[in-house]
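Understanding the architecture of this molecule
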Number of protein chains: 2
Amino acid sequence: MQTILSDFTKHLKAEGLRLTKERVHLLETICSFKGHFIADDILFAIKSRRKSGSRATLYRLLPVLVKASLIQQSLLYDGQTKYEVTWNKAHHDHLICSSCSMVIEFKHNTIEILQREIANKYGFILDRHVMELVGRCKDCRRKNDVSPRLC
Amino acid sequence: MQTILSDFTKHLKAEGLRLTKERVHLLETICSFKGHFIADDILFAIKSRRKSGSRATLYRLLPVLVKASLIQQSLLYDGQTKYEVTWNKAHHDHLICSSCSMVIEFKHNTIEILQREIANKYGFILDRHVMELVGRCKDCRRKNDVSPRLC
DNA sequence: CCACTATTGAGACGTAATCTCAATAATATA
DNA sequence: TATATTATTGAGATTACGTCTCAATAGTGG
Ligand SMILES: [Zn+2]
Ligand SMILES: [Zn+2]
Ligand SMILES: [Zn+2]
Ligand SMILES: [Zn+2]
């Protein structure tokens, strides 16, 4: 049976890296999050749990997990480095409300295909892509429409 | 006749901001760049030209220029904040080689339309989007294919 | 020209991320 | 198992990038 830990272990072996308890603690903490998170969320959580794992170790681990395709960077639109777990999860892109920060995950096969076509047209092999749609959701638009009347 | 400076002046007026020589120097420096640039490129160039304009003034100006649609943030995929001039330039997205950092600008109307459709479907009004395709170009693939033989 | 107010810039500050290096722990080998 | 080898850890220093402070300066409108 495949678990994120077994895949992680496999990846470490393949890369000549060691399976340490700090790395396991950090990965477990990361897996405890529901959606998107920042590095500091992990640091804070690992301290709460009184598990070993430091800032240096975390920042060394993050690119390893990305390379292993267990996590990825997401929501780059506002300059903050956010992550999400991608292990065993289908690819998706994001629609974000710039006012209330609500995030909607969506999948659009046609766009995925067109993106690959564009890459091919220019002689590229596509490895990944960032697609983030930024706008205002219905609720936030309503609120903004109202506020002028209040002033 | 419309120039970037006249549009800039207009925007400042509209926002109740003043046209200062530092802002003009910084904008001129920004316009001297061909493609994508980072804040430090501007700072370095303005020092070389021995024009007035400081770090604080630059970082205060950048969001103003973004709001005026004279520049925009681009190439977020690697975490660095890069800008490009958008004044008098059609919208485009980016295809990037992760190996040699070559950037190709492309325009794909169908995707633009589909993106708006997705936003509408979820009740959003789309303000902007980030779409960056990351892969490896033909040349870099060739180089990588060869290197194992050299070792 | 004056009065008013926005702007500037040197440097302090904040925050995210990386680096250093001695101590420690994981692994391979005997 | 014991030992040698080498990767890893973590506290704290350091860097990179960006923001803030505030006294001096400079636009602006009247
Ligand atoms: Zn996608
Ligand atoms: Zn997501
Ligand atoms: Zn586009
Ligand atoms: Zn561009």
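Residues numbered from 1 in each chain as written. Chains lettered and ligands numbered in written order. Predicted model: local features only at pLDDT ≥ 70, side-chain atom pairs only at ≥ 80, totals over all residues. Heavy atoms only, no water.

Notes on the pairing of strand S5 (residues 103-106) of chain B
All names here are of chain B. What counts here: Here's how the labels work: a residue is buried when its accessible area is under 20% of the maximum for its type, exposed when over 50%, partly exposed in between, all with a 1.4 Å probe on protein chains only. Secondary structure counts use DSSP, requiring at least four H or I residues in a row for a helix and at least two E residues in a row for a strand, with both numbered from the N terminus. Two strands are counted as paired when DSSP detects at least two bridges linking them.
What you see with S5 is a clean split: Ile-104 and Phe-106 sit on the buried side and Val-103 and Glu-105 on the side with no burial. Note: strand S4 (residues 93-97) against S5, 4 bridges, orientation antiparallel. Pairing of Leu-95 across the sheet is with Ile-104, part of S5.

Observations regarding the interface of chain A and chain B
Bring the parts together and some accessible area is lost; that lost area is often taken as the interface size. Heads up, the rule is: Two residues qualify as a contact provided that any one of their heavy atoms is within 4.5 Å of a heavy atom in the partner residue. Note on definitions: buried area is the accessible-area loss of two parts on being combined, 1.4 Å probe, summed for both. Salt bridges are counted wherever a side-chain nitrogen of Lys or Arg sits within 4 Å of a carboxyl oxygen of Asp or Glu. Polar contact criterion, stated in full: a pair of N or O atoms within 3.5 Å, where within protein one must be able to donate a hydrogen and the other to accept it, and residues adjacent in sequence count only if both atoms are side-chain atoms. As a working rule, the residues Ala, Val, Leu, Ile, Met, Phe, Trp, Tyr, Cys and Pro are called nonpolar, Asp, Glu, Lys and Arg charged, and the rest polar, with Gly in that last group.
Across the contact, 35 residues belong to chain A and 35 residues belong to chain B. Interface area for chain A against chain B, summed over the two sides, is near 3200 Å², with a carbon-plus-sulfur share of 68%. Seen at the junction of chain A and chain B, the total is 2 salt bridges. Its salt-bridge partner being Asp-127 of chain A, residue Arg-136 of chain B comes within 2.9 Å of it at the nearest N-O pair. Inspection of the chain A/chain B interface yields 14 residue pairs in polar contact (both at pLDDT 80 or more). Of all the secondary-structure elements, those providing two or more residues to the side of chain A that touches chain B are strand S4 (93-97), strand S5 (103-106), helix H5 (109-121), strand S6 (125-136) and helix H6 (138-150) of chain A. With 12 residues, the top contributor of residues to the side of chain A that touches chain B is S6 of chain A. Taken together, the residues of the side of chain A that touches chain B break down into 21 nonpolar, 7 polar and 7 charged. Inspection of the sheet shows S6 of chain A paired to strand S6 (residues 125-136) of chain B by 11 bridges, in the antiparallel sense. The partner of Leu-133 of chain A across the bridge, within S6 of chain B, is His-129 of chain B.

Some thoughts on the protein's contact with DNA strand D
Where we set the bar: A cutoff of 4 Å decides nearness: a residue is near a molecule or strand if any of its heavy atoms lies inside that distance of it.
Near DNA strand D you find 22 residues, and of these Thr-20, Arg-23, Thr-57 and Arg-60 of chain A together with Tyr-59 of chain B are the closest. In the model, a phosphate oxygen of DNA strand D is placed 2.9 Å from a nitrogen or oxygen of the Arg-18 of chain A main chain. Measuring from a phosphate oxygen of DNA strand D, one finds a side-chain N or O atom of Thr-57 of chain A at 2.9 Å. Secondary-structure elements contributing two or more residues to the surface near DNA strand D are helix H2 (21-31) and helix H4 (55-67) of chain A together with helix H4 (55-67) of chain B. Of the residues assigned to the surface near DNA strand D, the class counts are 6 nonpolar, 7 polar and 9 charged.

So, the coordination of the zinc ion (ligand 4)
All names here are of chain B. Worth spelling out the cut-off: Note: metal donors comprise N, O and S atoms at 2.8 Å or less from the metal (3.2 Å for Na, K and Ca); water molecules are not included, so apparent gaps in a site are possible. Site shape is set this way: if four donors have all angles between 85 and 135 degrees, tetrahedral; if opposite donors are over 155 degrees apart and all others between 65 and 115, square planar for four donors and octahedral for six; otherwise irregular.
Each protein donor to the zinc ion (ligand 4) is listed here as His-36 (NE2), Glu-84 (OE), Glu-84 (OE), His-92 (NE2), His-94 (NE2) and Glu-105 (OE); together their distances run 2.0 to 2.6 Å. Bound by 6 donor atoms, the zinc ion (ligand 4) shows angles of 54 to 174° at the metal and therefore irregular coordination geometry. For the zinc ion (ligand 4), the donor residues sit on a single chain with the sequence spacing H-x47-E-x7-H-x1-H-x10-E. With a gap of 69 residues between them, His-36 in the loop between helix H2 (21-31) and strand S1 (37-38) and Glu-105 in strand S5 connect regions that are remote in the sequence. You can call His-36 partly exposed: its relative accessible area is 25%.

Observations regarding the pattern of salt bridges
On inspection of all chains with the given rule, the structure shows 16 salt bridges over all chains. Ionic pairing is found between Asp-78 of chain B and Lys-82 of chain B, a salt bridge with its closest N-O pair at 2.9 Å. Through salt bridges with shared partners, one network takes in Glu-84, Lys-89 and Glu-105 of chain A.

Remarks on the coordination of the zinc ion (ligand 1)
Residue and element names in this part refer to chain A. Coordination sphere of the zinc ion (ligand 1), protein contribution only: His-91 (NE2), Asp-93 (OD), Glu-112 (OE) and His-129 (NE2), at 1.9 to 2.1 Å. Seen from the zinc ion (ligand 1), its 4 donor atoms lie at angles of 99 to 122°, and the figure they make is tetrahedral. Here the donor residues for the zinc ion (ligand 1) map to a single chain with the spacing H-x1-D-x18-E-x16-H. Of this pair, His-91 sits in the loop between strand S3 (82-85) and S4 while His-129 sits in strand S6, and the two are 38 residues apart along the sequence. According to the relative accessible area criterion, His-91 is partly exposed, its value standing at 31%. The class of His-129 is buried, set by a relative accessible area of 15%.

Things to note about the domain arrangement of chain A
Residues and elements named next belong to chain A. Rules: In this entry, domain limits derive from an automatic or database-based domain assignment.
Each assigned domain of chain A is listed with its residue range as follows: domain 1 (1-88) and domain 2 (90-146). Each of domain 1 and domain 2 has a C-alpha centre, and the two are 24 Å apart. Contacts between the two partners involve 7 residues from domain 1, matched on the other side by 9 residues from domain 2. Here domain 1 and domain 2 share an interface that buries about 660 Å² over both sides, 60% of which is from carbon and sulfur atoms. Across the contact surface, domain 1 and domain 2 share 0 salt bridges. Summed over the shared surface of domain 1 and domain 2, the result is 7 residue pairs in polar contact (both at pLDDT 80 or more). Tallied by class, residues from the side of domain 1 that touches domain 2 come to 3 nonpolar, 3 polar and 1 charged.

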